[in-house]
Amino acid sequence: IYTEQAADVDIIITTALIPGRPAPRLITAADVARMRPGSVIVDMAAAQGGNVEGSVAGERVVTDNGVVILGYTDLASRLSAQASQLYGTNVANLVALLTPGKDGVLTIDVDDIVQRSVTVVHDGAVTWPPPPVQVAAAPAAAAPAVVETQPQPERKRMSAGRRIGLIVLGIAALFVVNAVAPAPLPQHFTVLVLSVVIGFYVIGKVHHALHTPLMSVTNAISGVIVVGAMLQIMNPDPVVQVLAAIAVLVASINIFGGFAVTRRMLAMFTKGGEK
């Protein structure tokens, strides 16, 4: 799983261990072969089997492509020289700070934070512990700006009586159309009304986060509408031609809009420049 990273880096340090189980294999021989010559891998789990294929506990292994695999199990004891060097460097820097004249004469500057922190006695007076380090106060947070918002008008809910009246009026209109219109228009009109009612209640109850997956279904339905309208657009009746053209236009807008929104949603989950 680290193949691409292994080819890009020169140093790998693995530390993965699972209590009571052998160390998981993270770097394979193929990953090691992809690394540049002179690269170094430190397998700190070598004592438990190793995270790197080819590592040997307690040994230094050089692969055919010049990659060094360190499987030392005593790394802590091997750091004594580095630890001494680090400590000696810090002491040398401190002495250089205490002897600005480079003449071996200590000059204590109690105003210096570092020198004051390491001074226990100065001029016969005990100066330990040092005073707390003064930290610049963080700037006070600005008070949040008060934004005056215009009161939103309350949406008036439709009364139950008006809702029932509209339902009764719609049912009556459906019966009138079925009684007057010639066949097969009543059957088509009934299917249209039922589709509108069912679609309203189905789509209206869907959470907003799930609307995008539904676009694939609506695009399919719109595609069927476009095909049907294109078949009817050659009808000799001008009214049918106009209605078919409107259906093609509206359904096409729905299809292209669905694809545009879906593309923008997918772009949110891709990195810049990736496809």
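To start, this report covers the structure provided alongside it.

Conventions and cut-offs
Counting restarts for each chain: residues are numbered from 1 in the order of the written sequence. With the structure being a predicted model, the display of local features is reserved for residues of pLDDT at least 70 and the display and counting of side-chain atom pairs for 80 or more, all residues being used for whole-chain, interface and lining totals. Values shown for side chains rest on all heavy atoms present in the structure; no hydrogens or waters enter the calculation. Each helix corresponds to a stretch of at least 4 residues labelled H or I by DSSP, and each strand to a stretch of at least 2 residues labelled E; elements are numbered beginning at the N terminus. A simple rule labels every residue: compare its accessible area, found with a 1.4 Å probe on the protein chains alone, to the largest value its type can have, and call it buried under 20%, exposed over 50%, or partly exposed in between. When checking whether two residues touch, look at their non-hydrogen atoms; a contact exists if any pair is within 4.5 Å. Only the protein chains shown count as cover for residues, and all accessible areas are computed by the Shrake-Rupley method using a 1.4 Å probe. Working definition: rings of Phe, Tyr and Trp (its six-membered ring) pair if their centres are within 6.5 Å, and the pair is stacked with planes under 30 degrees apart, edge-to-face with planes over 60 apart, and tilted otherwise. Lysine NZ or arginine CZ positioned within 6 Å of the ring centre and within 35 degrees of the ring normal marks a charge as sitting over the ring. One side-chain nitrogen of Lys or Arg within 4 Å of one carboxyl oxygen of Asp or Glu is enough to make a salt bridge. Buried residues of nine kinds, namely Ala, Val, Leu, Ile, Met, Phe, Trp, Tyr and Cys, make up a nonpolar core once their side-chain atoms join them within 4.5 Å. Think of a polar contact as two N or O atoms within 3.5 Å of one another; within protein, one of them needs to be a possible hydrogen donor and the other a possible acceptor, and neighboring residues in sequence only count if both atoms come from side chains. Paired strands, in this sense, are two strands between which DSSP finds at least two bridges. Every axis corresponds to a line fitted to the C-alpha atoms, with the helix fit spanning only the stretch in contact, and the corresponding angles, defined between N-to-C directions, vary from 0 to 180 degrees. Only residues whose relative accessible area exceeds 30% and that form no salt bridge are eligible for patches; like-charged ones are grouped when within 9 Å, while nonpolar side chains (Val, Leu, Ile, Met, Phe, Trp, Tyr) are grouped when within 5 Å.

Right, let's talk about the overall build of the protein chain for a bit. Along its length, the protein chain carries 8 helices and 6 strands. The helix and strand sequence of the protein chain, counted from the amino end, reads α-β-α-β-β-β-α-α-β-β-α-α-α-α. Here the protein chain holds 275 residues, and the buried ones make up 16% of them. Restricting to contacts in the protein chain with at least 6 residues of sequence separation, those with at least 24 account for 49%. For the protein chain, the computed accessible surface area is about 21400 Å², with 67% contributed by carbon and sulfur atoms.

Once that is clear, we can look at the packing of aromatic side chains. Throughout the structure, instances matching the rule amount to 0 aromatic pairs. The aromatic ring of tyrosine 72 is capped on one face by arginine 78, whose charged end is 3.6 Å from the ring centroid.

Turning next to the pattern of salt bridges. Once the charged atoms of two side chains with opposite charge are near each other, the side chains can pair. This model, assessed by the stated rule, comprises 2 salt bridges. One salt bridge connects aspartate 10 with arginine 36, and the closest N-O pair in it is separated by 2.9 Å. Here arginine 36 lies in the loop between helix H2 (29-34) and strand E2 (40-43) and aspartate 10 lies in the loop between helix H1 (3-8) and strand E1 (11-14), a separation of 26 residues in the sequence. Owing to a relative accessible area of 40%, aspartate 10 belongs among the partly exposed residues under this scheme. Across the pair aspartate 74 and arginine 78 runs a salt bridge whose closest N-O atoms are separated by 2.8 Å. The exposure class assigned to arginine 78 is partly exposed, which follows from its relative accessible area of 39%.

That bond from tryptophan 128 to proline 129 is cis: its omega, 0°, falls within 30 degrees of zero. As for its position among the elements, proline 129 is in the loop between strand E6 (125-126) and helix H5 (160-180). Of note, lysine 102 is a non-glycine position whose phi angle comes to about 55°, a positive value. Its place among the elements puts lysine 102 in the loop between helix H3 (80-98) and helix H4 (113-118). Looking at lysine 102, the relative accessible area reads 79%, which means it is exposed. Of note, aspartate 123 is a non-glycine position whose phi angle comes to about 55°, a positive value.

Turning next to the nonpolar core. Judged by nonpolar contacts, Ala6, Ile12, Ile27, Val32, Met35, Ile41, Val52, Val61, Val67 and Ile69 together constitute the single largest core of 10 residues. Leaving out residues up to four positions away in the same chain, isoleucine 27 has contacts with Tyr2, Ile12, Thr14, Val32, Asn51, Val52 and Glu53.

It is worth spelling out the side chain of asparagine 51 at this point. Structurally, the position occupied by asparagine 51 is in the loop between E2 and strand E3 (60-62). There is a polar contact of 3.0 Å between the side chain of asparagine 51 and the backbone oxygen of alanine 16. For asparagine 51, the residues in contact, after removing those within four places along its chain, are Thr14, Thr15, Ala16, Ala23, Pro24, Arg25, Leu26, Ile27, Asp43 and Ala45.

A word on the sheet that holds E3. One open sheet accounts for 4 strands, arranged E1-E2-E4-E3; its pairing is mixed. The two strands at the open ends of the sheet, each matched to only one other strand, are E1 and E3. Between one strand axis and the next, the sheet turns by 15° as a mean value, whatever way the strands run. Where E1 meets E2, 4 bridges bridge the pair, whose relative direction is parallel. When the sheet's bridge partners are listed, isoleucine 12 is paired in E2 with isoleucine 41.

Take threonine 99: it is sitting in the loop between H3 and H4. Residues contacting threonine 99, with those up to four places away along its chain left out, are Gly104, Val105 and Leu106.

Glancing now at the environment of glycine 66. Locating glycine 66 in the fold gives a position in the loop between E3 and strand E4 (68-70). Remark: the alpha-carbon pair of glycine 66 and valine 40, spanning 26 residues in sequence, is separated by 9.1 Å. Residues in contact with glycine 66, not counting those within four places in the same chain, are Pro37, Gly38 and Ser39.

Turning to a nonpolar patch on the surface, a few remarks are in order. A cluster of nonpolar side chains, contributed by Val239, Val242, Leu243, Ile246, Leu249, Val250 and Ile253, occupies part of the molecular surface with about 670 Å² of accessible area. Within the secondary structure, isoleucine 253 is located in helix H8 (residues 238-267).

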